[in-house]
Amino acid sequence: MSDTDEIEDSSAPLIEHLAELRTRLIHSAVAFIIGMVICFTVWNPIFNFLTEPLCTTMAERGQDSCGLILIKLQEGFFVAISISLFGGLVLSFPYISYQLWRFVAPGLYKNEKNAFLPFMFASPIMFLIGASFAFYVVMPLAFDFFLGFQQSGDVAETGVEASIDFQGSVQEYLRLSIKFIVAFGLCFQLPVLLTLMGKAGLVSSQGLADVRKYAVVGILVLAALVTPPDVITQVILFVVVYGLYEISIQLVKRVESKREADLRAQGLWFEDDEDEELDDELMAEFDEEEDDETATKAASSPDDEEDDPGMVEKGE
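Nothing here was measured: the structure is a model prediction, and the numbers come from that model.

1. Notes on helix α9 (residues 212–226)
Because each turn of an α-helix spans 3.6 residues, side chains separated by three or four positions end up pointing in the same direction. Taking 1.5 Å of rise per residue, 15 residues should cover 21 Å, and α9 covers 21 Å from first to last C-alpha, within 8% of that figure. Along α9, the positions that sit buried rather than exposed are A215, I219 and A223. Down the axis of α9, the smallest arc covering the buried residues is 75°, so these residues share one side. Those residues of α9 that are exposed and aimed more than 90 degrees away from the buried face are K213, Y214 and L225. In this structure, the buried residues of α9 make contact with α10 (231–266).

See the structure below:
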(Lines give C-alpha, C1' and ligand atoms only; values in the text may rest on other atoms or scores of the structure.)
Protein backbone atom coordinates (compact mmCIF):
# COMPACT_ATOMS: atom_id res chain seq x y z
CA MET A 1 0.00 0.00 0.00
CA SER A 2 1.39 3.40 -0.96
CA ASP A 3 1.69 6.39 1.32
CA THR A 4 -1.14 8.09 -0.53
CA ASP A 5 -3.50 5.19 0.16
CA GLU A 6 -2.60 5.25 3.87
CA ILE A 7 -3.33 8.98 4.08
CA GLU A 8 -6.68 8.55 2.32
CA ASP A 9 -7.68 5.67 4.62
CA SER A 10 -6.77 7.64 7.73
CA SER A 11 -8.72 10.69 6.57
CA ALA A 12 -11.89 8.73 5.77
CA PRO A 13 -13.28 8.76 9.37
CA LEU A 14 -12.70 12.52 9.61
CA ILE A 15 -14.61 13.07 6.38
CA GLU A 16 -17.44 10.91 7.69
CA HIS A 17 -17.60 12.93 10.91
CA LEU A 18 -17.63 16.19 8.98
CA ALA A 19 -20.40 14.88 6.73
CA GLU A 20 -22.44 13.84 9.76
CA LEU A 21 -21.84 17.22 11.40
CA ARG A 22 -23.04 18.95 8.24
CA THR A 23 -26.19 16.81 8.23
CA ARG A 24 -26.91 17.60 11.89
CA LEU A 25 -26.39 21.32 11.32
CA ILE A 26 -28.70 21.32 8.30
CA HIS A 27 -31.41 19.54 10.28
CA SER A 28 -31.01 22.01 13.15
CA ALA A 29 -31.15 25.00 10.80
CA VAL A 30 -34.29 23.66 9.11
CA ALA A 31 -35.96 23.13 12.51
CA PHE A 32 -35.02 26.68 13.55
CA ILE A 33 -36.45 28.15 10.32
CA ILE A 34 -39.68 26.19 10.75
CA GLY A 35 -40.03 27.40 14.34
CA MET A 36 -39.27 30.96 13.23
CA VAL A 37 -41.97 30.84 10.52
CA ILE A 38 -44.52 29.47 12.99
CA CYS A 39 -43.75 32.22 15.51
CA PHE A 40 -43.89 34.90 12.81
CA THR A 41 -47.46 33.93 11.95
CA VAL A 42 -48.55 34.31 15.59
CA TRP A 43 -46.23 37.08 16.76
CA ASN A 44 -49.15 39.26 17.94
CA PRO A 45 -50.43 36.74 20.55
CA ILE A 46 -46.84 36.14 21.68
CA PHE A 47 -46.27 39.87 22.11
CA ASN A 48 -49.56 40.20 24.03
CA PHE A 49 -48.39 37.42 26.33
CA LEU A 50 -45.04 39.15 26.90
CA THR A 51 -46.80 42.42 27.79
CA GLU A 52 -48.93 40.74 30.46
CA PRO A 53 -46.62 41.69 33.39
CA LEU A 54 -46.61 45.34 32.30
CA CYS A 55 -50.38 45.55 31.75
CA THR A 56 -51.11 43.78 35.03
CA THR A 57 -48.83 46.14 36.95
CA MET A 58 -50.34 49.22 35.32
CA ALA A 59 -53.85 47.97 36.07
CA GLU A 60 -52.93 47.50 39.72
CA ARG A 61 -51.71 51.10 39.79
CA GLY A 62 -55.04 52.33 38.41
CA GLN A 63 -53.86 52.92 34.83
CA ASP A 64 -56.30 51.45 32.33
CA SER A 65 -54.25 52.23 29.23
CA CYS A 66 -51.48 49.74 28.47
CA GLY A 67 -50.34 50.91 25.07
CA LEU A 68 -46.84 50.96 23.66
CA ILE A 69 -45.82 53.20 20.79
CA LEU A 70 -43.76 52.76 17.62
CA ILE A 71 -41.02 55.38 17.55
CA LYS A 72 -39.74 54.39 14.11
CA LEU A 73 -41.78 53.40 11.06
CA GLN A 74 -40.01 50.05 10.66
CA GLU A 75 -39.96 49.27 14.37
CA GLY A 76 -43.06 47.05 14.23
CA PHE A 77 -41.51 44.82 11.56
CA PHE A 78 -38.29 44.38 13.53
CA VAL A 79 -40.31 43.57 16.65
CA ALA A 80 -42.03 40.78 14.74
CA ILE A 81 -38.65 39.51 13.51
CA SER A 82 -37.19 39.59 17.02
CA ILE A 83 -40.13 37.62 18.42
CA SER A 84 -39.81 35.13 15.56
CA LEU A 85 -36.10 34.61 16.20
CA PHE A 86 -36.52 34.16 19.94
CA GLY A 87 -39.60 31.95 19.60
CA GLY A 88 -38.04 29.87 16.83
CA LEU A 89 -35.01 29.18 19.01
CA VAL A 90 -37.22 28.15 21.93
CA LEU A 91 -39.36 25.85 19.77
CA SER A 92 -36.44 24.22 17.97
CA PHE A 93 -34.17 23.88 21.01
CA PRO A 94 -35.31 20.34 21.94
CA TYR A 95 -34.70 19.10 18.39
CA ILE A 96 -31.34 20.91 18.21
CA SER A 97 -30.32 19.29 21.51
CA TYR A 98 -31.34 15.91 20.11
CA GLN A 99 -29.19 16.44 17.03
CA LEU A 100 -26.26 17.45 19.21
CA TRP A 101 -26.72 14.33 21.31
CA ARG A 102 -26.88 12.09 18.23
CA PHE A 103 -23.58 13.55 17.04
CA VAL A 104 -21.76 13.26 20.37
CA ALA A 105 -23.24 10.01 21.75
CA PRO A 106 -21.37 7.54 19.46
CA GLY A 107 -18.04 8.76 20.86
CA LEU A 108 -19.03 8.20 24.50
CA TYR A 109 -18.81 5.09 26.65
CA LYS A 110 -21.96 3.65 28.19
CA ASN A 111 -21.18 5.04 31.65
CA GLU A 112 -20.44 8.45 30.13
CA LYS A 113 -23.79 8.41 28.33
CA ASN A 114 -25.59 7.50 31.55
CA ALA A 115 -23.78 10.33 33.37
CA PHE A 116 -24.34 12.99 30.70
CA LEU A 117 -27.89 12.20 29.59
CA PRO A 118 -29.67 13.42 32.79
CA PHE A 119 -28.06 16.82 32.40
CA MET A 120 -29.45 17.08 28.86
CA PHE A 121 -32.94 16.85 30.33
CA ALA A 122 -32.21 19.00 33.39
CA SER A 123 -30.80 21.93 31.42
CA PRO A 124 -34.00 22.98 29.53
CA ILE A 125 -36.10 22.33 32.64
CA MET A 126 -33.93 24.65 34.74
CA PHE A 127 -33.97 27.27 31.98
CA LEU A 128 -37.78 27.10 31.91
CA ILE A 129 -37.92 27.48 35.69
CA GLY A 130 -35.61 30.51 35.57
CA ALA A 131 -37.56 32.12 32.74
CA SER A 132 -40.86 31.55 34.57
CA PHE A 133 -39.43 33.03 37.76
CA ALA A 134 -38.30 36.11 35.85
CA PHE A 135 -41.63 36.49 34.03
CA TYR A 136 -44.01 36.00 36.96
CA VAL A 137 -41.99 37.32 39.91
CA VAL A 138 -39.12 39.60 38.91
CA MET A 139 -40.63 41.51 35.97
CA PRO A 140 -43.78 42.68 37.83
CA LEU A 141 -41.63 43.95 40.72
CA ALA A 142 -39.22 45.70 38.37
CA PHE A 143 -42.02 47.29 36.31
CA ASP A 144 -43.78 48.49 39.46
CA PHE A 145 -40.51 50.13 40.53
CA PHE A 146 -40.04 51.83 37.16
CA LEU A 147 -43.65 53.02 36.93
CA GLY A 148 -43.37 54.61 40.35
CA PHE A 149 -41.57 57.57 38.79
CA GLN A 150 -44.71 58.75 37.02
CA GLN A 151 -46.70 61.73 38.27
CA SER A 152 -49.98 63.31 37.26
CA GLY A 153 -49.95 66.93 36.13
CA ASP A 154 -52.08 69.52 37.87
CA VAL A 155 -52.49 73.14 36.77
CA ALA A 156 -53.59 75.38 39.64
CA GLU A 157 -53.44 79.03 40.55
CA THR A 158 -50.46 78.48 42.82
CA GLY A 159 -48.26 76.67 40.32
CA VAL A 160 -47.87 74.07 37.59
CA GLU A 161 -46.88 70.43 38.02
CA ALA A 162 -45.47 68.66 34.99
CA SER A 163 -47.09 65.37 34.04
CA ILE A 164 -44.87 62.30 33.64
CA ASP A 165 -46.61 59.45 31.81
CA PHE A 166 -45.23 56.18 30.54
CA GLN A 167 -45.22 55.87 26.77
CA GLY A 168 -42.90 53.01 26.15
CA SER A 169 -41.33 51.89 22.92
CA VAL A 170 -42.39 48.49 21.66
CA GLN A 171 -38.86 47.47 20.70
CA GLU A 172 -37.31 48.67 23.97
CA TYR A 173 -39.89 46.81 26.04
CA LEU A 174 -39.34 43.62 24.06
CA ARG A 175 -35.57 43.93 24.45
CA LEU A 176 -35.92 44.43 28.21
CA SER A 177 -38.30 41.48 28.59
CA ILE A 178 -36.07 39.09 26.63
CA LYS A 179 -33.08 40.28 28.66
CA PHE A 180 -34.87 39.39 31.90
CA ILE A 181 -35.96 35.98 30.63
CA VAL A 182 -32.60 34.96 29.16
CA ALA A 183 -30.58 36.26 32.12
CA PHE A 184 -32.54 34.33 34.74
CA GLY A 185 -32.80 31.27 32.52
CA LEU A 186 -29.01 31.14 32.14
CA CYS A 187 -28.41 31.81 35.84
CA PHE A 188 -30.57 28.80 36.71
CA GLN A 189 -28.12 26.66 34.72
CA LEU A 190 -25.55 27.08 37.51
CA PRO A 191 -26.48 23.91 39.46
CA VAL A 192 -26.48 21.86 36.24
CA LEU A 193 -23.08 23.18 35.18
CA LEU A 194 -21.35 22.81 38.55
CA THR A 195 -22.84 19.35 39.17
CA LEU A 196 -21.64 18.20 35.77
CA MET A 197 -18.17 19.60 36.49
CA GLY A 198 -18.20 17.86 39.87
CA LYS A 199 -19.14 14.57 38.26
CA ALA A 200 -16.23 15.01 35.85
CA GLY A 201 -13.86 15.73 38.76
CA LEU A 202 -13.14 19.31 37.69
CA VAL A 203 -14.49 20.88 40.90
CA SER A 204 -15.09 19.68 44.44
CA SER A 205 -17.55 20.67 47.13
CA GLN A 206 -14.72 21.75 49.43
CA GLY A 207 -13.17 23.84 46.66
CA LEU A 208 -16.49 25.56 45.93
CA ALA A 209 -16.95 26.26 49.63
CA ASP A 210 -13.45 27.72 49.92
CA VAL A 211 -14.05 30.22 47.08
CA ARG A 212 -17.47 31.23 48.40
CA LYS A 213 -16.38 34.81 49.12
CA TYR A 214 -15.10 35.23 45.56
CA ALA A 215 -18.36 33.74 44.26
CA VAL A 216 -20.31 36.38 46.19
CA VAL A 217 -18.35 39.16 44.48
CA GLY A 218 -18.81 37.54 41.08
CA ILE A 219 -22.56 37.16 41.61
CA LEU A 220 -22.84 40.81 42.62
CA VAL A 221 -21.02 41.86 39.44
CA LEU A 222 -23.24 39.56 37.37
CA ALA A 223 -26.39 41.01 38.95
CA ALA A 224 -25.20 44.53 38.17
CA LEU A 225 -24.49 43.67 34.52
CA VAL A 226 -27.51 41.60 33.45
CA THR A 227 -30.26 43.51 35.27
CA PRO A 228 -31.52 47.08 34.88
CA PRO A 229 -30.11 49.69 37.25
CA ASP A 230 -32.58 49.16 40.09
CA VAL A 231 -31.67 47.77 43.48
CA ILE A 232 -34.70 45.50 43.84
CA THR A 233 -33.97 43.40 40.74
CA GLN A 234 -30.28 43.17 41.55
CA VAL A 235 -30.98 41.98 45.09
CA ILE A 236 -33.46 39.38 43.86
CA LEU A 237 -31.00 38.06 41.28
CA PHE A 238 -28.19 37.97 43.84
CA VAL A 239 -30.28 36.06 46.39
CA VAL A 240 -31.48 33.56 43.78
CA VAL A 241 -28.07 32.91 42.20
CA TYR A 242 -26.32 32.65 45.57
CA GLY A 243 -28.97 30.18 46.70
CA LEU A 244 -28.34 28.16 43.54
CA TYR A 245 -24.60 28.25 44.32
CA GLU A 246 -25.21 26.77 47.77
CA ILE A 247 -27.48 24.14 46.25
CA SER A 248 -24.72 23.33 43.75
CA ILE A 249 -22.28 22.70 46.61
CA GLN A 250 -24.69 20.20 48.15
CA LEU A 251 -25.26 18.50 44.78
CA VAL A 252 -21.52 18.19 44.18
CA LYS A 253 -21.11 16.79 47.70
CA ARG A 254 -23.78 14.20 46.92
CA VAL A 255 -21.96 13.25 43.71
CA GLU A 256 -18.73 12.83 45.68
CA SER A 257 -20.48 10.66 48.27
CA LYS A 258 -21.89 8.44 45.54
CA ARG A 259 -18.47 8.15 43.89
CA GLU A 260 -16.91 7.24 47.23
CA ALA A 261 -19.55 4.57 47.81
CA ASP A 262 -18.87 3.05 44.39
CA LEU A 263 -15.12 3.01 44.99
CA ARG A 264 -15.61 1.43 48.41
CA ALA A 265 -17.75 -1.28 46.84
CA GLN A 266 -14.96 -1.99 44.35
CA GLY A 267 -12.29 -1.92 47.06
CA LEU A 268 -10.49 1.00 45.45
CA TRP A 269 -11.11 3.63 48.14
CA PHE A 270 -8.40 4.50 50.65
CA GLU A 271 -8.86 6.88 53.53
CA ASP A 272 -6.49 9.80 53.90
CA ASP A 273 -5.56 8.66 57.43
CA GLU A 274 -4.60 5.23 56.13
CA ASP A 275 -2.47 6.82 53.43
CA GLU A 276 -0.73 9.00 56.01
CA GLU A 277 -0.10 6.00 58.28
CA LEU A 278 1.30 4.04 55.35
CA ASP A 279 3.59 6.94 54.45
CA ASP A 280 4.74 7.19 58.08
CA GLU A 281 5.53 3.46 58.18
CA LEU A 282 7.49 3.66 54.93
CA MET A 283 9.44 6.67 56.21
CA ALA A 284 10.15 4.88 59.50
CA GLU A 285 11.45 1.83 57.64
CA PHE A 286 13.56 4.08 55.43
CA ASP A 287 15.04 5.82 58.51
CA GLU A 288 15.79 2.47 60.14
CA GLU A 289 17.60 1.30 57.01
CA GLU A 290 19.66 4.49 56.96
CA ASP A 291 20.54 4.03 60.65
CA ASP A 292 21.62 0.42 60.00
CA GLU A 293 23.79 1.48 57.08
CA THR A 294 25.41 4.23 59.15
CA ALA A 295 26.10 1.84 62.03
CA THR A 296 27.60 -0.70 59.63
CA LYS A 297 29.91 1.88 58.12
CA ALA A 298 30.98 3.10 61.56
CA ALA A 299 31.73 -0.44 62.70
CA SER A 300 33.73 -1.29 59.60
CA SER A 301 35.79 1.93 59.42
CA PRO A 302 38.52 0.92 62.03
CA ASP A 303 39.21 -2.33 60.21
CA ASP A 304 39.51 -0.51 56.94
CA GLU A 305 42.06 1.87 58.47
CA GLU A 306 44.17 -1.04 59.79
CA ASP A 307 44.18 -2.72 56.40
CA ASP A 308 45.06 0.44 54.49
CA PRO A 309 48.41 -0.18 52.66
CA GLY A 310 49.30 3.51 52.81
CA MET A 311 49.11 3.50 56.53
CA VAL A 312 51.32 0.36 56.71
CA GLU A 313 54.03 1.90 54.54
CA LYS A 314 54.20 4.99 56.75
CA GLY A 315 54.58 2.79 59.79
CA GLU A 316 51.45 4.09 61.40
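2. Observations regarding the environment of Y242
Structurally, the position occupied by Y242 is in helix α10. For the pair formed by Y242 and L220, sequence separation is 22 residues and the distance between their alpha carbons is 9.4 Å. With residues near it in sequence (within four places) discarded, Y242 still touches R212, V216 and I219. Within the structure, the side chain of Y242 is placed 2.8 Å from the side chain of E246, a separation counted as a polar contact.

3. So, the nonpolar core
Formed by 33 residues in total, the largest nonpolar core has its most connected members in M139 and F184. Counting residues in each nonpolar core, the second largest holds 7 residues, with L194, L208, A215 and V252 among its members.

4. Considerations on the side chain of E75
Locating E75 in the fold gives a position in helix α4 (residues 75–104). Despite its burial, E75 pairs with no opposite charge, the nearest such side chain being K72 at 7.0 Å. Only 2.8 Å separates the side chain of E75 from the backbone nitrogen of I71, close enough to count as a polar contact. Polar contacts involving the side chain of E75 include one to the main-chain amide nitrogen of K72, which spans 3.2 Å. Those residues in contact with E75 that sit more than four places away from it in its chain are I69, L70, S169, V170, Q171 and E172.

5. Digging into the confidence of the model for the chain
Per-residue pLDDT for the chain averages 78, and the proportion of residues at 70 or more is 77%. Mean pLDDT values for the elements of the chain range from 47 in helix α12 (residues 309–313) up to 90 in helix α2 (residues 43–50). Counting contacts from residues 1–11, a segment whose pLDDT is below 50, to residues more than four positions away or on other chains yields 2 contacts. Taken as a whole, residues 273–279 scores under 50 in pLDDT and shows 1 contact with residues more than four places along the chain or in a different chain.

Scoring rules and cut-offs
Residues numbered from 1 in each chain as written. Predicted model: local features only at pLDDT ≥ 70, side-chain atom pairs only at ≥ 80, totals over all residues. Heavy atoms only, no water. Helix = DSSP H or I, 4+ residues; strand = E, 2+ residues; numbered from the N terminus. Expected span 1.5 Å × (residues − 1). Buried < 20%, exposed > 50% of the residue type's maximum accessible area, 1.4 Å probe, protein only. Arc of directions from axis to C-beta. Contact = heavy atoms within 4.5 Å. Polar contact = N/O pair within 3.5 Å; in protein donor to acceptor, adjacent residues only side chain to side chain. Core = buried A, V, L, I, M, F, W, Y, C linked by side-chain atoms within 4.5 Å. Lys, Arg positive; Asp, Glu negative; His and termini not counted. Salt bridge = Lys/Arg side-chain N within 4 Å of Asp/Glu carboxyl O. pLDDT = per-residue confidence, 0-100.

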